[in-house]
Amino acid sequence: GDNLSLSATMRESTGKGAAREARRHNLVPGVVYGGSEEPININVKFNELLKKLNAGRFMSTLINLTVGEKTVQVICRDIQKHVVKDLPTHLDFMRLSKTARIKLFIPVVFNNQDICKGIKKGGVLTVVRPEVELLVNAMEIPSVLEIDIQDFEVGDTITISSITLPSGTETTIKGRDFVIANIQAPSGLKSSENEGGGSEDPATDATEEENEDNAPA
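Residues numbered from 1 in each chain as written. Predicted model: local features only at pLDDT ≥ 70, side-chain atom pairs only at ≥ 80, totals over all residues. Heavy atoms only, no water.

### Some thoughts on the sheet that holds strand β7 (residues 101-111)
- As summarised here, the arrangement of the 4 strands in space is β10-β7-β9-β12, forming an open sheet in which the pairing is mixed. Only two strands of the sheet have a single partner each, and these edge strands are β10 (145-148) and β12 (170-171).
- With 7 bridges connecting them, β7 and strand β9 (residues 131-137) associate as antiparallel partners. By the bridge assignment for β9, I102 is matched with V136. (Pairing = 2+ DSSP bridges. Helix = DSSP H or I, 4+ residues; strand = E, 2+ residues; numbered from the N terminus.)

### Notes on the pairing of strand β2 (residues 27-33)
- Most of β2 sits inside the fold, with 5 of its 7 residues counted as buried.
- Pairing geometry for β2 and strand β3 (residues 40-45), over 6 bridges, is antiparallel. Paired with L27 across the strands is K45, a residue of β3.
- Here β2 folds back onto β3, and the loop between the two strands holds 6 residues, one of which, G34, carries a positive phi near 100 degrees. (Buried < 20%, exposed > 50% of the residue type's maximum accessible area, 1.4 Å probe, protein only.)

### What to know about the sheet that holds strand β4 (residues 63-67)
- Spatial ordering of the closed barrel is given by β1-β3-β2-β6-β5-β4, a layout of 6 strands whose pairing is mixed. Between one strand axis and the next, the sheet turns by 45 degrees as a mean value, whatever way the strands run.
- Here strand β1 (residues 4-10) pairs with β4 via 5 bridges, running parallel. Looking at β4, one finds that L6 is bridged to L65.
- The strands touched by helix α1 (residues 16-24) within the sheet are β2, β3 and β6 (88-95), with β2 carrying the most contacts at an inclination of about 130 degrees.
- Contacting β1, β2, β3, β5 (70-81) and β6, helix α2 (residues 46-54) runs over the sheet at an angle of about 155 degrees to β1. (Axes fitted to C-alpha atoms, helices over the stretch in contact; angles between N-to-C directions. Contact = heavy atoms within 4.5 Å.)

### Some words on the nonpolar core
- Among the nonpolar cores identified, the biggest contains 29 residues, and I102, I158 and I180 are the most heavily contacted of them.
- Elements with a minimum of two residues in this core: β7, β9, β10 and β13 (179-184).
- With near-sequence residues (within four places) excluded, I158 lies in contact with L125, I147, I149, F152, V179, I180, A181, N182 and I183. (Core = buried A, V, L, I, M, F, W, Y, C linked by side-chain atoms within 4.5 Å.)

### Digging into the confidence of the model for the protein
- The predicted model of the protein averages 84 in pLDDT, with 85% of residues at 70 or higher.
- Taken as a whole, residues 191-212 scores under 50 in pLDDT and shows 16 contacts with residues more than four places along the chain or in a different chain. (pLDDT = per-residue confidence, 0-100.)

### Focus: the pairing of β7
- Note: β7 against β10, 4 bridges, orientation parallel. Note on β10: the bridge partner recorded for N111 is D148.

### Some details on α1
- Those residues of α1 lying buried are A18, A19 and A22. The buried side chains of α1 occupy one side of the element, clustering within an arc of 100 degrees when seen end-on. In α1, those exposed residues whose orientation departs by more than 90 degrees from the buried face are K16, R20 and R24.
- Tucked inside the fold, the buried residues of α1 contact β2 and β3.
- Two residues or fewer after α1 comes N26, characterised by a positive phi angle close to 60 degrees. (Arc of directions from axis to C-beta.)

### Focus on the side chain of T61
- Among the secondary structure elements, T61 is positioned in the loop between α2 and β4.
- Of note is the side chain of T61, whose polar atom sits 2.6 Å from the backbone oxygen of R57. (Polar contact = N/O pair within 3.5 Å; in protein donor to acceptor, adjacent residues only side chain to side chain.)

### So, the pattern of salt bridges
- Counting across every chain of the model gives 7 salt bridges.
- Residues E170 and K174 are paired through a salt bridge, measuring 2.9 Å at the closest nitrogen-oxygen approach.
- In this structure, a network of salt bridges that share partners links the residues R101, E170 and K174. (Salt bridge = Lys/Arg side-chain N within 4 Å of Asp/Glu carboxyl O.)

In C-alpha cells form, the structure reads like this:
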C-alpha cells in the first residue's frame, strides 16, 4: 500500500495544560516512541489529521511523519477520541525500523461476487471476519487480502486457507483453518435443504470463534 505523509511540530512542554493548549490551537497532541531513540512529544494539525483519518486505513498504513527537518517512518498505534464528539484528542505513533515486523488487521476483499455460483443461486455472502490480523514486514504492508469467490456454492465455508497470503506475511492465529465467510442459503430454502442439519455448523463455528477471538486477552 502507499505510505501516508503527515507533518508535525515538536511540543516542548508536556502535561495536561500543554495538551489543552494544543487543542485550543486546532492541534492534536501525540507522542512518537520506539526504536533506539527517546520518545518525543508532537502536535499534528487537526484538519490535516482528520482528512487522513477520513480516508481510511490510518491504523494499518505506514506513515512518513515529518517533525521539523526529520522524517521518520511510523505506524499509528492508538487514537484517543473525545467521548462525545468522537474526534481525535491524542495520538500514539511507533517508530519502525526497516526490519520491524508488526501485527496489523488487514481488510478482506471478496472478488467476483457478481459471478459467484452460490450467490447467483440466491445464496448470501455472510462475512464473519471483515479483516484478519497478520504479522507483516513494516516496509511491505499489504493494503488488502483478496479472495476470488467465483466457484463457491451455497453452503460453502470460506476459510483462511482459501486466501493466498502476500509473501512475508503470516496469520497471528495459528493451527486452525479459521472461517472468513460463508455462503448461506436464502432463508426460504433453509428448512427444505437442511433436513440433515449439516450445513448449519459453519455458521455456528464461526460465531463461537468470533467470541473466542474477541474475548479480552
